[in-house]
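Residues per chain are reported as follows:
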Amino acid sequence: MTAHTIAETEALPDAAPRVDSEVGPLRTVLLHRPGNELKRLTPRNNDQLLFDGVPWVGRAQEEHDAFAATLTSKGVEVLLLADVLVQALEDNRARIAGIHSAVNERRLGIDLADALRSHLTSLPAPQLAQVLMTGMTFEELPAAEGASLVRKMHLPIDFAVDPLPNLLFTRDSSVWVGDRVAITSLALPARDRETTLTDLIYAYHPRFRRTGRAYGAHSAPLEGGDVLLLAPGVIAIGVGERTTPAGAESFARSALADGLAHTVLAVPIKQERATMHLDTVCTMVDRDAVVMYPAISDSLTAYPLRSDGDGGVRVDGPVPFLEAAAEAMGIERLRVIDTGLDVVTAEREQWDDGNNTLAVAPGLVVAYERNVETNARLEDQGVEVLRIAGSELGSGRGGPRCMSCPIDRAPLV
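Since we're looking at a predicted model, the values are computed, not measured. (Residues numbered from 1 in each chain as written. Predicted model: local features only at pLDDT ≥ 70, side-chain atom pairs only at ≥ 80, totals over all residues. Heavy atoms only, no water.)

Per the secondary structure count, the protein chain includes 13 helices and 20 strands. Intrachain contacts of the protein chain at a sequence separation of at least 6 include 72% that bridge at least 24 residues. As presented, the protein chain carries roughly 17000 Å² of accessible surface, and 50% of it is formed by carbon and sulfur atoms. (Helix = DSSP H or I, 4+ residues; strand = E, 2+ residues; numbered from the N terminus. Contact = heavy atoms within 4.5 Å. Areas by Shrake-Rupley, 256 points an atom, 1.4 Å probe, with all protein chains shown as cover.)

Shown next as structure tokens:
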């Protein structure tokens, strides 16, 4: 796989990253190559860790390598989360933050927590990064000094530090809007620590030391899969299983106050796993086109939020989403390309992330090859599809968009 090394990325021009749309030519993206954290998944814990099955890790890595290679073949700079995390952990402040997030004193007790902190502090950055991502079982803890009830009453395979298999989905823990990055607030306990790792990368990696921040209300759940930059100045936010109304409003107020958007559309979606994020039912594939699950295209609504001119926010609606989006984008209508060819195929391909495409440029997207009918529909509408395998990657319920966090896109002209 051809992904830039850390040394190479530091040698690149020091231009400020910026993302103003879903489809502007993609310049830089953050991915996470599946690692040993996926080997922690078992039939006993995969539901708790938010996977629908136990993936074949070697094949998942091959599929991800092919995904990254597809992007680099189109001139996209690929940054790998594990690499940038190691580099960030060379800063002692990042090490302290990472270790603090990993050691749960309420679970381990004071004595064992202190011993674990001391052990993690002694590790070099690459080994510490591995523990922060893959977790640690009780049998992997350093040798005990004295008796410990906590050790005795846990199974050797119980987690002292939880693994983070959902790091694969880099879209969710941070969102770039304009020249700023928002560290999100993930809704479910299995993903709590992901934002800590993302936060310390943006805070302490040399590449991002001058990056501004957006969205300050981290306590209100909001995930990146629910945030779509429909056009410069226009943001849609799904409100459902993972993003709450409070999270959407906090993000909207931040974006409007900072001049990053003139309109934010809060879009209610069903609170169920099949539609966990807005990007599971709708993604942009061209300047004026979306691929959308047809079962919701006529019923999807939106609450437009705009500045009231006095430092506050005006909330309107609900109104039909497609109409509100077109109006805010300044176009006559938003073209809709349906998932599948019939009701059953549409439902199957929506479940298989047929809507979850990653735009590399206007009219050029990456999609899972298994969604045959949806990909054919896209091509019939003039959208070029770069097909990738995803039989193992998809076990965590995420497609190419979920697995990618755009850091820099060229502006639309």
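Having seen the model, we can carry on.
Here we come to the UniProt feature "active site" (unreviewed entry) in the protein chain. What UniProt calls "active site" (unreviewed entry) maps, in this numbering, to Cys 402. For Cys 402, the location among the structural elements is in the loop between β19 (384-388) and β20 (405-409). Take Cys 402: its relative accessible area is 3%, and that puts it in the buried class. Not counting residues up to four positions away in its chain, the partners in contact with Cys 402 are Leu 168, Phe 169, Thr 170, Arg 171, Asp 279 and Asn 356. (UniProt positions renumbered as here; feature names shortened; annotations may be inferred. Buried < 20%, exposed > 50% of the residue type's maximum accessible area, 1.4 Å probe, protein only.)

Attention shifts here to the packing of aromatic side chains. Note on aromatic pairs: each is described by the distance of the centres and the angle between the planes. Evaluation of the coordinates by the stated rule reveals 3 aromatic pairs. Between Trp 176 and Phe 208, the aromatic rings sit 6.3 Å apart at their centres with planes inclined by 50 degrees, giving tilted as the arrangement. Residue Trp 176 is located in strand β5 (residues 174-177), and its partner Phe 208 is located in the loop between α8 (194-204) and β7 (212-214); the two are separated by 32 residues in the primary sequence. Classification of Trp 176 by relative accessible area gives buried; the value is 2%. (Phe/Tyr/Trp six-rings, centres within 6.5 Å; stacked < 30°, edge-to-face > 60°.)

Right, let's talk about helix α6 (residues 125-134) for a bit. In an α-helix there are 3.6 residues to a turn, and that puts residues three or four apart on one side. Within α6, 7 of the 10 residues are buried, leaving the element largely enclosed by the surrounding structure. Taken residue by residue, α6 has Ala 125, Leu 128, Ala 129, Val 131, Leu 132, Met 133 and Thr 134 as its buried positions. Just downstream of α6 lies Gly 135, where phi reads positive at about 80 degrees.

We now examine the pairing of strand β16 (residues 335-338). Burial along β16 is one-sided: the face carrying Arg 335 and Ile 337 is buried and the face carrying Val 336 and Asp 338 is not. In the sheet, strand β12 (residues 289-292) pairs with β16 via 4 bridges, with the strands oriented parallel. Bridge pairing links Val 290 to Val 336 in β16. (Pairing = 2+ DSSP bridges.)

The mixed open sheet is built from 3 strands, whose spatial order is β5-β6-β7. Bordering the open sheet on either side are β5 and β7, each of which pairs with just one other strand. Taken pair by pair, the neighbouring strands of this sheet meet at an average axis angle of 40 degrees, ignoring direction. In this sheet, strand β6 (residues 180-183) lies alongside β5 in antiparallel orientation, the contact comprising 4 bridges. Residue pairing in the sheet places Trp 176 in a bridge with Val 181 of β6. (Axes fitted to C-alpha atoms, helices over the stretch in contact; angles between N-to-C directions.)

Attention shifts here to the environment of Tyr 303. Looking at the secondary structure, you find Tyr 303 in strand β13 (residues 301-307). As a C-alpha pair, Tyr 303 and Asp 316 span 13 residues in sequence and 5.5 Å in three-dimensional space. Among residues more than four places away in sequence, those in contact with Tyr 303 are Val 264, Leu 265, Ala 266, Pro 268, Val 315, Asp 316, Gly 317 and Pro 318.

We now examine the confidence of the model for the protein chain. In this model, the protein chain carries a mean pLDDT of 88, and residues with pLDDT of at least 70 account for 90%. In the predicted structure, residues 1-13 sits below a pLDDT of 50 and forms 22 contacts with residues beyond four places in sequence or in another chain. (pLDDT = per-residue confidence, 0-100.)

One way to put it is that helix α3 (residues 81-88) packs onto α8 with a least axis distance of 9 Å and a crossing angle of 60 degrees. Looking at the two axes, α3 sits oblique to α8. Both α3 and α8 take part in a crossing whose hand is left-handed. Packed against α3, whose contacting residues are Leu 81, Val 84, Leu 85 and Ala 88, the element α8 presents Leu 197, Leu 200, Ile 201 and Tyr 204 at the interface. (Parallel < 35°, antiparallel > 145°, perpendicular 65-115°, else oblique. Left-handed = near helix turned anticlockwise from the far one by under 90°.)

We now examine the side chain of Glu 223. Residue placement: Glu 223 occurs in the loop between β7 and β8 (227-231). The class of Glu 223 is buried, set by a relative accessible area of 0%. Beyond its immediate sequence surroundings of up to four residues, Glu 223 is in contact with Asp 172, Thr 184, Ser 185, Leu 186, Ala 187, Leu 188, Arg 191, Arg 242, Thr 243 and His 277.

Its place among the elements puts Asp 286 in strand β11 (residues 282-286). A relative accessible area of 17% places Asp 286 in the buried class. Those residues in contact with Asp 286, other than ones at most four positions away along the chain, are Val 23, Arg 335, Pro 362 and Gly 363.

Right, let's talk about the packing of helix α4 (residues 92-102) against α6 for a bit. Direction vectors running N to C along α4 and α6 enclose 30 degrees, while the axes themselves pass 10 Å from each other. Classed by the angle they form, the pair α4 and α6 counts as roughly parallel. Crossing geometry of α4 relative to α6 is assigned as left-handed. Residue-level inspection shows Arg 95, Gly 98, Ile 99 and Ala 102 of α4 in contact with α6, the latter providing Ala 125, Leu 128 and Leu 132. In terms of residue class, the contact of α4 with α6 is built from 5 nonpolar, 1 polar and 1 charged. (Nonpolar A, V, L, I, M, F, W, Y, C, P; charged D, E, K, R; others polar.)

We now examine the pattern of salt bridges. One pass over the full model with this rule turns up 24 salt bridges. Asp 199 is the partner of Arg 213 in a salt bridge, and the nearest nitrogen-oxygen pair spans 2.8 Å. Taken together, the residues Arg 213 in strand β7 and Asp 199 in helix α8 connect sequence positions 14 residues apart. Accessibility expressed as a relative area gives 34% for Arg 213, which makes it partly exposed. (Salt bridge = Lys/Arg side-chain N within 4 Å of Asp/Glu carboxyl O.)

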